[in-house]
Amino acid sequence: MAAHLKKRVYEEFSKVSQQVSLEEAPTKKLRLTKPSKSAALHIDLCKASSPTDALQYLLSFARKPVEAESVEGVVRILLEHYYKESDNSVRLKIASLLGLLSKTLGFTPDCIVDDAINILNNEKSHQVLAQLLDTLLIIGAQLPDKTAVIQRLIDVACKHLSSTYFGVRNKCLQLLGCLGTVDMPLGKETDAGPGAQTSPVRDVQSLISDYFQDQDPRVRTAAIKAMLQLHEREMKIQQIIYNQACKLLSDDYEQVRSAAVQMVWVLSQLYPESIVPIPSSNEEIRLVDDSFGKICHMVSDGSWVVRVQAAKLLGSMHQVSPHFLEQTLDKKLMSDLRRKRTAHERAKELYASGEFSSGRRWADDAPKEKVDTTGVNLIDSGACGAFVHGLEDEMYEVRIAAVEALCSLAQSSSSFAEKCLDFLVDMFNDEIEEVRLQSIHVLRQISIHITLREDQLDTVLAVLEDSSRDIREALHELLCYTNVSTKECIQLALLELLKNLTKYPTDRNSVWKCLKFLGARHPTLVLPIVPELLSTHPYFDTPEPDMDDPAYIAVLVLVFNAAQTCPTMPALFSDHTFRHYAYLRDSLSHLVPHLRLPGRKQTASLEESGVGSGSLDSAHNFLQDSLIRVSALQNLETPGAQDLLEFTIRDLQRLGELQTELAGSADFCATYLRCQLLLTKALQEKLWTMAVPLCLKQNAKVSTAARQILDETYKLEFLYSGLETQQIATIHNVRLQAKALQLILTARSKQGVDHVLGICEKFLQDVESFQRLFMTELPHFQDSFVEKLLELMPRLTACKPHDLVKIFQTTLRQSRFIHLKLPEQIHRASATIIEPTGESDNPLRFTSGLVVALDIDATLEHVQDPQTTVKVQVLYPDGQSHIIHPKPGDFRTPGPGRVRLITQVYLSHSAWTEPCQIEVRLLLAYSTSSCKLYVSKPAWNESMDGLPTSESSIEGTIHLSKPVKVFIMPKPARR
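Residues numbered from 1 in each chain as written. Predicted model: local features only at pLDDT ≥ 70, side-chain atom pairs only at ≥ 80, totals over all residues. Heavy atoms only, no water.

Looking up the protein in an unreviewed UniProt entry gives the name Integrator complex subunit 4, with the organism given as Phoxinus phoxinus. The heading Sequence similarities (unreviewed entry) in the UniProt record of the protein holds the text "Belongs to the Integrator subunit 4 family." (UniProt positions renumbered as here; feature names shortened; annotations may be inferred.)

This is how it looks when you write it as structure tokens:
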């Protein structure tokens, strides 16, 4: 019995002790680790039953990313398998993977250098050997500071330069070009190349240059490119390379000649004033002139790729002598580029021969102008007329390159610009539109150096009959900045432009603009033909022309702009001309300048006081004075402060209309001040001291003001370019004030607590975002709304919604007016729809249910990234609105800051009983998640081009142009 009891006690004790031990035992912690890349690769390679399977595993592994901490293990697995593998293709892929893994960010590849060199020394396959050298090149590029490693790699490259396989020699030369340095000893008694002498220590440039004469053209090309790589790494190439590079210009292979042309050009830029001898003579010449002649000769090369390259390089050789430059325009060798003997040398030769003048023949001892054909030419006869050959080339790429090279050289030499003018004008008749267009652009760039003769102008104006709109408008732009020589040229230009206007009415605005600049540049040539242009007579009254005639308006634009700098011209005007001037001055103020007409009452305006177009400095001072006057206001609730704001806004708006250069800055300041005025008036409303049911009208008024302020802040941020960080932060501060005003109004409308709480949390997130984005600008916001909120931020996060609203209301009324600091230059994005004009009363008829194309032609000014932000809006009479995204190819860039949009919009609707108007306008799309300075712009959703789209990434749009109304008439389908 006692034994049984003792056993029971022992069992109970053991159970309790086990429970205690289980309770005291620490819980095991699990560590989650990523599966090992090296282990997975090792398993895959071990499973491979054939080289094909192993290659497939390696290919699939190459598509997967590898973390930096796993790279070394993967490399070890690859090297282990490399030693075991006998198939060349698998070893080749492993060598390629070693190079790719060496590029992994965070991995230092110096730990695999020894293994890579070891397997390279034991490799027998030429293809694998070349790939291993490429891997060593990648490793060396990742370790630019490890001099010892670089030296080892260079030694390996020198050792394998004697390989019989061209790919190995190519990679060795590439490695020398990318890693070699001037002071680095190369090789120890290695074979430097075919036919080259060996030496204990070689210079990298001399070693590479030995392979300029390699039997394989691919190796010769690689040697030249390696030398060019040294130049790109800012190592000065030795001048002795020049002769070798010149010999390669006559190589049988295109790639060699192409690289040799580049090499000759590089040396001409490094040693332009060095003197080099002319072959087979005692004469010497500047290296830049000699290389210029040799590159000119390559413009006649058999390969069009070499010809394009040579023509482009000629355009950058600005140090060449004028004689050589002018020789490129003449196929015959000029006399001043031949080496002629002096009269003293000829007399000495005659004296040595024992022959003297007998006197029987007239001037038998005079110097002979005929040059001996065996004489020395300073330039190869094949290089004469290089640009003539280039402009007449059968490949349009060569012709474009020659035109661009002519432009580059002519811009730095006015005499050369005059000589090449005829050649450029002839290119206006080229059969390829791209060549014609480029020729017009080039002539526009050098127009400051040239004056067109009548015969040249006749050739230029013939292009106005071209069916391409881009060509015609480029020519209009050219005529804006070109000088002509006689009054007959003015008449000819005007006549052809009026023909252009008749044939292509859509060119109206471009023609008017062209005549504006043409008249302003040639007032003295326009003056003698004014009576003829205006059809006036000294004794008889002539009939008054029709002001609706675009041709007559074009003539007036020419005359009025010429009269701006010609005070005697207004005396030739008739009475109706003065009336037409007043009309056009108001309707087309951007084309018609302000004139001081004799005996006419002048309208008092800002222009006369020096603030208008007469003085940009005065206008800028007026703008600064207006901002200083407003900045003196400490509290906008003081008497007279709001009146001052209204007057300043009015003045700035008028200033932007009169002074186009300051339109962006003036409009920006006026919009910002308008936001402050709206905010001040909203905070002064009586609703803040009245019960909510008694002030429903005031609530709606303040809500409209808050919405308007928000819209204006989006315009300030996304419609204007050139803003600095401080201006963007100021805009965001005003936006936060408008959102706070909306939040207060929402809370006063007795909506649900959850709804108000959600709005409060979103608002606090906006405040934190402001602090994160504009941390460096916070010192400029003392006593501002956002600064007060940031000070109260710890308290706000714990407040109830009702208390939050009270704090916001108090802070909003106590915040200080932030003064605007104006940046140097602000541009306002704008757009003008040229077509459709909206003046036609004939409806565009189409069958209901089908589509009709409406041509859109618009000019965009200062729009950033127009291909993703500009949309076309079509508003139908029934309220439907479609937003269309134009194709990227519809945008063209005729000049800096200007973009041309030419596209089609497809319209469709159900049947109507009578024609109605639709509104077409351009919009600027924006997203508030993309801040101008800190976040990259959003990628718009791809959609079918030209059709209505709904893009979720667009959070809002801004009107970019005025609406144009178009009559359309969907007809019912016939049964």
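## As for the overall build of the protein
Within the protein, the secondary structure is distributed over 40 helices and 18 strands. For the protein, with 975 residues in total, the buried portion stands at 47%. For the protein, long-range pairs separated by at least 24 residues make up 71% of all intrachain contacts whose partners lie at least 6 apart in sequence. For the protein, the exposed surface amounts to about 50500 Å²; the carbon and sulfur share of it is 52%. (Helix = DSSP H or I, 4+ residues; strand = E, 2+ residues; numbered from the N terminus. Buried < 20%, exposed > 50% of the residue type's maximum accessible area, 1.4 Å probe, protein only. Contact = heavy atoms within 4.5 Å. Areas by Shrake-Rupley, 256 points an atom, 1.4 Å probe, with all protein chains shown as cover.)

## Comments concerning the side chain of E712
Looking at where E712 falls in the secondary structure, it is placed in helix 34 (residues 696-718). Those residues in contact with E712 that sit more than four places away from it in its chain are T671, R674 and C675.

## Let's talk about the pattern of salt bridges
One pass over the structure, following the stated rule, counts 34 salt bridges. Salt-bridge contacts for D393 lead to R307; the nearest nitrogen and oxygen are separated by 2.6 Å. With D393 in the loop between helix 18 (386-391) and helix 19 (396-411) and R307 in helix 15 (residues 304-314), this residue pair connects regions lying 86 residues apart in the sequence. Here D393 matches R307 in class, with each residue buried. (Salt bridge = Lys/Arg side-chain N within 4 Å of Asp/Glu carboxyl O.)

## Some details on the pairing of strand 12 (residues 870-875)
A regular strand carries its side chains on alternate faces of the sheet. Burial within strand 12 is extensive, with five of its six residues counted as buried. Two strands pair when backbone bridges link them, and strand 12 and strand 16 (residues 916-926) are joined in this way by six bridges, in the antiparallel orientation. Within the sheet, the bridge partner assigned to V874 lies in strand 16 and is V920. Two strands pair when backbone bridges link them, and strand 12 and strand 13 (residues 881-884) are joined in this way by four bridges, in the antiparallel orientation. Paired with V874 across the strands is H882, a residue of strand 13. Counted along the chain from strand 12 to the antiparallel partner strand 13, the turn is five residues long, and its residue G879 has a positive phi close to 95°. (Pairing = 2+ DSSP bridges.)

## Structural notes on the pairing of strand 18 (residues 964-971)
In this sheet, strand 18 lies alongside strand 10 (residues 844-847) in parallel orientation, the contact comprising four bridges. The residue of strand 18 that forms the bridge with T847 is K971. One ladder, built from five bridges, connects strand 16 with strand 18; its direction is antiparallel. Bridged to E919 within strand 18 is K965.

## Side note on the confidence of the model for the protein
Across the protein, pLDDT averages 79, with 80% of residues at or above 70. Segment residues 603-614: pLDDT under 50, and 23 contacts once partners within four positions in sequence are set aside and those in other chains are kept. (pLDDT = per-residue confidence, 0-100.)

## Structural notes on the nonpolar core
Core analysis: the biggest nonpolar cluster contains 176 residues, and L136 and I208 have the highest contact counts within it. The contact partners of L136, leaving out residues within four places of it in the chain, are A116, I117, L120, L153, V156 and L175. Counting residues in each nonpolar core, the second largest holds 101 residues, with I649, L673, L677 and I709 among its members. (Core = buried A, V, L, I, M, F, W, Y, C linked by side-chain atoms within 4.5 Å.)

## Details of the packing of aromatic side chains
Applying the stated criterion to the full structure yields ten aromatic pairs. With 5.7 Å between their ring centres and 75° between their planes, F560 and F573 make a pair best called edge-to-face. Of this pair, F560 sits in helix 29 (residues 550-563) while F573 sits in the loop between helix 29 and helix 30 (575-587), and the two are 13 residues apart along the sequence. You'll find F560 and F573 in the same group, each marked buried. Between F560 and Y581, the ring centres sit 5.2 Å apart and the planes meet at 75°, which makes this aromatic pair edge-to-face. You can see F560 sitting in helix 29 and its partner Y581 sitting in helix 30, a full 21 residues away along the chain. Overall, F560 belongs to the buried group, its relative accessible area being 0%. Among the aromatic residues, those joined into a ring-pair cluster are F560, F573, F578 and Y581. If you follow R218 out to its NZ or CZ, it ends over the ring of F166, 3.5 Å from the centre. The ring of Y481 has R444 sitting right over it, with the charged end atom 3.8 Å from the ring centre. (Phe/Tyr/Trp six-rings, centres within 6.5 Å; stacked < 30°, edge-to-face > 60°. Lys NZ or Arg CZ within 6 Å of the ring centre and 35° of its normal.)

## Notes on helix 30
Given a rise of 1.5 Å per residue, 13 residues ought to cover 18 Å, and the 19 Å separating the end C-alpha atoms of helix 30 matches this to within 8%. Residues of helix 30 that are buried include every one of H576, T577, F578, H580, Y581, L584 and R585, and no others. The secondary structure elements touched by the buried residues of helix 30 are helix 28 (530-534) and helix 29. (Expected span 1.5 Å × (residues − 1).)

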